Each structure stands twice: as C-alpha cells, then as structure tokens.
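# Fold and geometry: a report
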Amino acid sequence: MNISSQSLPKHVAVIMDGNGRWAKKHFFPRTSGHKAAIKNVRSAIEFAVEKNIEILTLFAFGRENWQRPKQEVATLMELFSEVLVKEIPMMQENNVKLCVVGDRSRLASDILANILQAEHATKLNTGLILNVAIDYSGQWEIVLATKKLLKAIISNQCDVEQLSEECFEKFLIDSIQTPVDLLIRTSGELRISNFMIWQLSYAELYFCQKYWPDFTKKDFQRALDDYQLRKRRFGKTDEQVKGET
Ligand code: IPE
Ligand code: IPE
Ligand code: MG
C-alpha cells in the first residue's frame, strides 16, 4: 500500500447541515428543507452499505437545536418519528442495525415508542451500524460517561489510579465508542457544533459547500476519495508510518 493511500474509513460521521438555507434558496419554508433532506439520508445509508462501511453516525438533532422555533422543532420530531418506522424495511433489506444515540428523557412518548420499534426490528442485523444522534451533544455524552464512571468508582468497580483514556472510553455510549475516521459536514460551515468531541479527536475532517438536500452519493464518494489521499500519522513521523505498512 502506498503511504498516502488509506483504506476505507471504518467509522464515518456526518453533520447534515444546510436544510434551512436550501429551503430559503428555493423560497420554501425551512421545514421543507428538513423534508427534502430525508431522501439524502436514505441514499447516504445505502451508499455506506454499498461501500461496506462499518459505522455511520448521522447528526440529526443537537441539544442546542431545542432553541429553534417551536414549530420547526415539532416538525423535526414528527419527521424523526415517522421516518424511523417507515424506513424499517429499507434497513432490513440492507442488514442495517439502528441505534438512536442521545438523551431520550425529553422526547415525546410516541417518538420514543417509534425509536424502540425501529431499534428492536433491526437489532439482530449484522451489517452497517447506523447511529442517529437525536438530542445529542458531545459535552452531554462526556458528562453522562463521567456520571457512570463515578458510580463505578463508588461501587469499587473501577480504581481511580488505574483510570486511563481507554478505560474512560468504555463509559461512552456503546455504539459510538469507536473513533471516527472521517467527519463530513455539509453547507460550508467549518465547525464541529458539539458533535462527538471525544471520538473526533483524530478524525479526518471533510467540509463540503453543498447543502445537505443537495448532497448525493457522488459527493459522498468524493469525500471518500479525499479521505484516501490523507496521511494519517497519529503523532508519528512519515517514516515510522511507512515502516508499519
Ligand atoms: C441541519 O440543517 C438540520 C438540523 C440542524 C436539524 P439546518 O436546519 O441547520 O440548516 P441551516 O444551517 O439553517 O441552513
Ligand atoms: C448542527 O447543525 C446539528 C445538526 C446538523 C443536527 P446546526 O446548524 O444546528 O449547527 P450550528 O448552530 O450552525 O453550529
Ligand atoms: Mg445549520
């Protein structure tokens, strides 16, 4: 293998941004942008399956997004609820295992029921692990992990002196413990917006100008092509990395 060529990323994360601006560009209300986004979520999942990517984590709704207008939040919640169940056959066909990650305590009971139904229906699937982040933030996840860790310390299941990064990681949410290899963000924004801040520590970042409702499989392929040209050194020198391949 050439030093500059990476194999495919194991874990791809996507900040699906730009729905509102896409709608504005077309003189539609913001909510039409969220509706238009769904077909691209489907094609991104199918693409990840075609490419044998192991984990795909999609940022659908951040904790900070509760601050949006009530009507927009309500539409988003309805869409999540509807789409998760509607897409069960697609997930089954593609052997996709769904995990919704985030704080479930503030979600309405009907949405919660649909999440559980979709997760249950796909739980034995062995292909792509699809994480959908709803009411999620990276800081929230770290606080959650810290609470679990403190409980483990109090009950003598964990020794403070032995605590390491590897040990802490085990207290993060199960299905997103694997480090992210490639982060894609659409819409031209150059920030992480409180996504998986722990797991992104050594991720390759790919920013794309297109709004999410315009992001196609071809654009996803471009991101993978770009990723494969990156040199991932993880702190080492080129020569050291070359010696390992
Ligand atoms: C991303 O698109 C979807 C969510 C955050 C739920 P936006 O709604 O943020 O779109 P812009 O950034 O306003 O264009
Ligand atoms: C981040 O997008 C969250 C999602 C895409 C779900 P935002 O559009 O909310 O992020 P900021 O506020 O522009 O950073
Ligand atoms: Mg946005």
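Below is a short write-up of the structure. All chains use their own residue numbering, which begins from 1 and follows the written sequence. Written order determines the labels here, with chains lettered from A and ligands numbered from 1. At least 70 in pLDDT is required for a residue's local features to be given in this predicted model, at least 80 for side-chain atom pairs to be given and counted, and no such filter applies to totals for whole chains, interfaces and linings, which use all residues. Hydrogens and water molecules were not included; the side-chain quantities draw on all heavy atoms of the structure.

## Observations regarding unusual backbone geometry
Note: most peptide bonds trans; most residues except glycine with negative phi. This is how it is decided: We count a stretch as a helix when DSSP gives it H or I for four or more residues in a row; a strand needs E for two or more, and each element gets its number in order from the N terminus. Burial classification: accessible surface area is computed with a 1.4 Å probe over protein chains only, and a residue below 20% of its type maximum counts as buried, one above 50% as exposed, and the rest as partly exposed.
The phi dihedral of Asn156 falls on the positive side, at around 60°, and the residue is not glycine. Within the fold, Asn156 resides in the loop between helix 6 (138–154) and helix 7 (165–169). A relative accessible area of 71% means that Asn156 is categorised as exposed. Backbone geometry at Ser193 places phi at a positive 50°, although glycine is not the residue there. Among the secondary structure elements, Ser193 is positioned in the loop between strand 5 (182–185) and strand 6 (204–207). When its relative accessible area of 30% is taken as the criterion, Ser193 is described as partly exposed.

## So, the pattern of salt bridges
The criterion, for reference: When a carboxyl oxygen of Asp or Glu is within 4 Å of a side-chain nitrogen of Lys or Arg, the pair counts as a salt bridge.
Going through the model one piece at a time under the given rule, you end up with 24 salt bridges. Here Arg185 ties to Asp17 by a salt bridge, and the two come within 2.8 Å at their closest N and O atoms. Placement of the pair is Arg185 in strand 5 and Asp17 in the loop between strand 1 (11–15) and helix 1 (19–25), with a sequence separation of 168 residues. According to the relative accessible area criterion, Asp17 is buried, its value standing at 17%. One salt bridge connects Arg42 with Glu87, and the closest N-O pair in it is separated by 2.9 Å. Here Glu87 lies in the loop between helix 3 (70–86) and helix 4 (88–93) and Arg42 lies in helix 2 (residues 30–50), a separation of 45 residues in the sequence.

## Points about the packing of aromatic side chains
Where we set the bar: When two rings of Phe, Tyr or Trp (its six-membered ring) have centres within 6.5 Å they constitute a pair, described as stacked for plane angles under 30 degrees, edge-to-face for angles over 60, and tilted for the intermediate range.
Enumeration over the complete set of coordinates arrives at twelve aromatic pairs. For the ring pair Tyr136 and Trp140, a centre distance of 6.2 Å and an interplane angle of 80° mean the geometry is edge-to-face. Look at Trp140 and you get buried, because its relative accessible area is 16%. Members of the aromatic cluster, connected to one another through ring pairs, are Phe47, Trp212, Phe215 and Phe220.

## Remarks on the site of ligand 2
Put simply, the test is: Any residue with a non-hydrogen atom lying within 4 Å of a molecule or strand is treated as near it. Contacts described as polar in this section are N or O atom pairs within 3.5 Å, which, within protein, must combine one atom able to donate a hydrogen with one able to accept it, while residues neighboring in sequence count only if both atoms come from side chains. Computed with the Shrake-Rupley method and a 1.4 Å probe, the accessible areas treat only the protein chains shown as cover for residues. Only protein atoms enter the calculation, which uses a 1 Å grid: trapped sets of points that fit a 1.4 Å probe without letting it out are cavities, open sets showing protein on both sides within 12 Å along at least five of seven lines are pockets, and any residue with an atom within 4 Å of a point is a lining residue. In this scheme, a molecule is assigned to a cavity or pocket if more than half of its atoms are within 2 Å of the grid points. In this classification, the charged set is Asp, Glu, Lys and Arg, the nonpolar set is Ala, Val, Leu, Ile, Met, Phe, Trp, Tyr, Cys and Pro, and all remaining amino acids, among them Gly, are polar.
Taken together, Ile15, Met16, Asp17, Phe59, Ala60, Phe61, Asn65, Arg68, Arg185, Arg191 and Ser193 make up all the residues around ligand 2. The side chain of Asn65 places a nitrogen or oxygen atom 2.8 Å from an oxygen atom of ligand 2. Arg68 is positioned with one of its side-chain polar atoms (N or O) 3.2 Å from an oxygen atom of ligand 2. In the complex, the protein chains occlude 77% of the 390 Å² of accessible area that ligand 2 would expose alone. Because more than half of its atoms lie within 2 Å of the grid, ligand 2 is assigned to the largest pocket. The element that contributes the greatest number of residues to the shell around ligand 2 is strand 2 (residues 55–62), accounting for three residues. Residues of the shell around ligand 2, tallied by class, amount to five nonpolar, two polar and four charged.

## A few points about the layout of surface pockets
If a probe the size of a water molecule is rolled over the atoms, the empty space left behind becomes visible. Keep this limit in mind: Grid points are joined across faces, edges and corners, and a volume is the space filled by probe spheres set on the points.
By volume, the largest pocket is sized at about 900 Å³. If you trace the largest pocket, you find 40 residues lining it, with Met16, Asn19, Phe59, Ala60 and Phe61 closest to the centre. Among the secondary structure elements, those contributing two or more residues to the lining of the largest pocket are helix 1, helix 2, strand 2, helix 3, helix 4 and strand 4 (129–136). Residue composition of the lining of the largest pocket, grouped by class: 22 nonpolar, seven polar and eleven charged.

## Here we look at the sheet that holds strand 3 (residues 97–101)
As a reminder, the rule being used: Pairing between two strands is assigned when DSSP locates at least 2 bridges connecting them. Helix axes are fitted only over the stretch in contact, all axes being lines through C-alpha atoms; the angle between N-to-C directions runs from 0 to 180 degrees.
Here we have six strands laid out as an open sheet, ordered 3-4-2-1-5-6, and parallel in their pairing. In the strand order of this sheet, the two ends are held by strand 3 and strand 6, each with one partner. Taking the axes of each pair of neighbouring strands and ignoring which way they run, one obtains an average angle of 20° across the sheet. Bridge count between strand 1 and strand 5: four bridges; the pairing is parallel. Bridge pairing in strand 5 places Val14 opposite Ile184.

## Thoughts on the pairing of strand 5
In strand 5, alternate side chains face the same way, and those of Leu182 and Ile184 on one face and Leu183 and Arg185 on the other are all buried. Bridge count for strand 5 against strand 6 is four bridges, and the pairing is parallel. Opposite Leu182, over in strand 6, you have Glu204 as the bridge partner.

## Regarding helix 2
Test applied: To estimate how far a helix should extend, the number of its residues minus one is multiplied by 1.5 Å. By definition, a residue's bend is the angle between the axes fitted to the seven residues ending there and the seven starting there. Throughout, a contact is declared for two residues whenever any of their heavy atoms are within 4.5 Å.
Over its 21 residues, helix 2 runs 31 Å from end to end, which matches the ideal 30 Å to within 8%, given 1.5 Å per residue. For helix 2, the principal kink sits at Ile38 and spans about 25°. Elements that come into contact with the buried residues of helix 2 comprise helix 1, strand 2, helix 3, helix 4, strand 4 and helix 8 (217–228). Once helix 2 ends, the next one or two residues include Asn52, with phi positive near 60°.

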